[in-house]
Amino acid sequence: MAGSTARTATDVPRAATQREQAAAEARTRILAAAVECIVRDGLAQVRMASIARTAGVSAGLLHYHFDTKELLFGEVLKYSHAMSADLNQRALAGAGDGPAERLSSFLDRCLPTDEQRADEWLLWQELALLCIRDPHLAKVGADLYEDLYVTVADLVREGLAAQVFRTTLAPRSLAETAIALTDGLGGRVLAKDPNFGIEEARATMATTVGILVGHDGPLPAPATFANAAGA
């Protein structure tokens, strides 16, 4: 009897851990599937059932994790941002110690420079209107933008401390302006403007932000970065 009790005591936490891991894996599959469906089909065509099929889970399991579309879409934004943030940090690490190079590389990651970034842009564009209309999604979007602003402002402060940048403008204001610039430039690239491609966007960003931060000329070219798909 004692031996039987001991086995039960050790088996219970192991089983719970396995269930938790399975639930976490299912949740991640659902989020990845939602991204795929939104990018592929457009938000207007996305149905919860199609997301479940793409994720390989039942509709019941999907609704167990996300009982409303609004909750799902909010978590999709966080999931996409987390994936992107990891690559952003890798890009910064590969840019070296120079503040101008680091700022250039980070802002370049905010443009649709490759297929993965283009998909992220499509996702955000599809969900942008919902962020305006839905208070829950608006809060999620604001929090994610705040993360971008803080990172860029910190990079500007690095440049000011190193005397690579010379400006009296507030780093936070510069950060918001730089991100707004990448949003506008990226939108033109994503729309496949025949007169404005990614290289034109990069040149405009480097020149404009270089002036704003008081750099000696445009920001340097961003460091070469191999994303997760190509690594």
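First things first, this report covers the structure right here in the doc. (Residues numbered from 1 in each chain as written. Predicted model: local features only at pLDDT ≥ 70, side-chain atom pairs only at ≥ 80, totals over all residues. Heavy atoms only, no water.)

1. Observations concerning helix α9 (residues 198–213)
- Over its 16 residues, α9 extends 22 Å from the first C-alpha to the last, a length consistent with the 22 Å expected when each residue adds 1.5 Å.
- Taken from the residues just after α9, G214 is the one with a positive phi, measuring 75 degrees. (Helix = DSSP H or I, 4+ residues; strand = E, 2+ residues; numbered from the N terminus. Expected span 1.5 Å × (residues − 1).)

2. Quick notes on the environment of K78
- On the secondary structure map, K78 appears in helix α4 (residues 69–94).
- Separated by 65 residues in sequence, K78 and D143 have C-alpha atoms that sit 9.4 Å apart.
- Ignoring anything within four residues of it in the chain, the contact list for K78 reads V140 and L144. (Contact = heavy atoms within 4.5 Å.)

3. Description of the side chain of S104
- Tracing the sequence through the fold places S104 in helix α5 (residues 99–109).
- A relative accessible area of 1% means that S104 is categorised as buried.
- The contacts of S104, once residues within four sequence positions are left out, are M205, L219, P220, A221 and P222. (Buried < 20%, exposed > 50% of the residue type's maximum accessible area, 1.4 Å probe, protein only.)

4. What to know about the nonpolar core
- With 27 residues, the main nonpolar core has L103, L107, V152, V209, V213 and L219 as its most contacted residues.
- Apart from residues lying up to four places away in sequence, L107 is in contact with V152, A178, I179, T182, M205, V209 and L219.
- Judged by nonpolar contacts, the second largest core, of 26 residues, contains I30, L31, L43 and A55. (Core = buried A, V, L, I, M, F, W, Y, C linked by side-chain atoms within 4.5 Å.)

5. Some details on helix α8 (residues 171–190)
- The terminal C-alpha atoms of α8 lie 28 Å apart, and with 20 residues this matches the ideal 28 Å at 1.5 Å per residue to within 8%.
- The complete set of buried residues in α8 reads P171, L174, A175, A178, I179, T182, L185, G186 and V189. Looking straight down α8, one finds that the buried residues subtend no more than 130 degrees of arc, so they occupy a single side.
- Lining the buried residues of α8 we find α5, α6 (115–133), α7 (135–161) and α9.
- Residue K192 follows α8 closely and has a positive phi angle near 60 degrees. (Arc of directions from axis to C-beta.)

6. Some thoughts on the pattern of salt bridges
- If you walk through the whole model with that rule in mind, you get 13 salt bridges.
- Two residues, E36 and R40, come together in a salt bridge whose shortest N-O distance is 3.3 Å. Within this pair, E36 and its partner R40 are both found in helix α1 (residues 2–41), separated by 4 residues, close to a single helical turn.
- Of the residues examined, E36 reaches a relative accessible area of 42% and is grouped as partly exposed.
- Of the charged contacts in the structure, one is a salt bridge between K139 and D143, with a shortest N-O distance of 2.8 Å. With K139 and D143 both in helix α7 and 4 residues apart, this pair spans about one turn of that helix.
- According to the relative accessible area criterion, D143 is partly exposed, its value standing at 40%. (Salt bridge = Lys/Arg side-chain N within 4 Å of Asp/Glu carboxyl O.)

7. A look at unusual backbone geometry
- Of note, the phi angle at Q163 is positive, near 60 degrees, even though the residue is not glycine.
- Examined against the element boundaries, Q163 turns out to sit in the loop between α7 and α8.
- At K192, a residue that is not glycine, the phi angle is positive and equals roughly 60 degrees.
- In this fold, K192 is placed in the loop between α8 and α9.

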